[in-house]
Amino acid sequence: MIVEVCANSLQSALNAQSAGADRIELCSELGIGGITPSYGLLKKIKELLTIPVHVLIRPRSGDFTYSRTEFETMREDIVQCRNMGFEGIATGLLHADFSLDLERTGELVELAGEMIFTFHRAFDWVKEPMSTLGQLEDLGVNILLTSGQQKSAVKGLALLEQLHLKTSKCVIMPGAGINEGNVNAFKKSGFKAIHLSGTQFHKTLSAAPPIAMKSPAHLKEDIIALTNPERIEKIVKMVK
């Protein structure tokens, strides 16, 4: 069984490698579901890791329905990862009605070329999982990362097993909430790969900072934050 560790930093990736992980999915900001890591992090990862690394291609948090310019950014990120020699990418695209964005997913599969292509947990929002799996297989997707459309892979095990039995080309990789207390359930079910972060939190400050820098409003998945041009124009006029 392949153990893929979702690493949110260079140190996390190094820790996973030293612990015997088979592969890394590299991202930034796990708290918002992950976004594409910076060029600097990608460069250091290539310098210091020896195990395969798949890079998350996600230009922002929120939903998985992307604008034209966001999609172009994703394409550029995939080309960069391919040119840097990464073994794979993980991404996912949906329409606003939670159906698979078939056309643009196909474009990214083609662009990825020889890299392994993982369709990530955007799949857990689709309304027709079985037929969507067939579409992903037809596109040439190599791996499907999913929790079985539940908050955790343990709760989604029934659907995960159905997907595993149905697929003929695509590796079903359970992920979300997998740990040392439940991993044997996935081993017994015959899955070829699992995905987990193995996260432990480390205190870095002796006291809480005086003000918070995070905004709960930015964590909602049915909205995205965009600069309002009218507001900026008004403020510019006020101060210039």
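Data block above holds the structure.
The rules behind these values
Residues numbered from 1 in each chain as written. Predicted model: local features only at pLDDT ≥ 70, side-chain atom pairs only at ≥ 80, totals over all residues. Heavy atoms only, no water. Salt bridge = Lys/Arg side-chain N within 4 Å of Asp/Glu carboxyl O. Helix = DSSP H or I, 4+ residues; strand = E, 2+ residues; numbered from the N terminus. Buried < 20%, exposed > 50% of the residue type's maximum accessible area, 1.4 Å probe, protein only. Phe/Tyr/Trp six-rings, centres within 6.5 Å; stacked < 30°, edge-to-face > 60°.

A full pass over the atoms with the stated rule returns 10 salt bridges. The partner of E47 in a salt bridge is K44, and the shortest N-O contact between them spans 2.9 Å. Of this pair, E47 and K44 both sit in helix 2 (residues 39-48), three residues apart, roughly one helical turn. Ionic pairing is found between E233 and K237, a salt bridge with its closest N-O pair at 3.4 Å. Residue E233 and its partner K237 are located together in helix 8 (residues 229-239), separated by four residues, close to a single helical turn. Residue E233 is classed as partly exposed on the basis of its relative accessible area of 44%.

Here the focus is the packing of aromatic side chains. In total, this model carries three aromatic pairs according to the counting rule given. Ring geometry for F98 against W125: centres 5.7 Å apart, planes inclined by 80 degrees, an arrangement best described as edge-to-face. Of the two residues, F98 sits in the loop between strand 4 (88-91) and helix 4 (102-112) while W125 sits in the loop between strand 5 (116-119) and helix 5 (129-139), which places them 27 residues apart along the sequence. On the accessibility criterion, W125 (27% relative accessible area) is partly exposed. Taken together through their ring pairs, the aromatic side chains of F64, F98 and W125 make up a single cluster.

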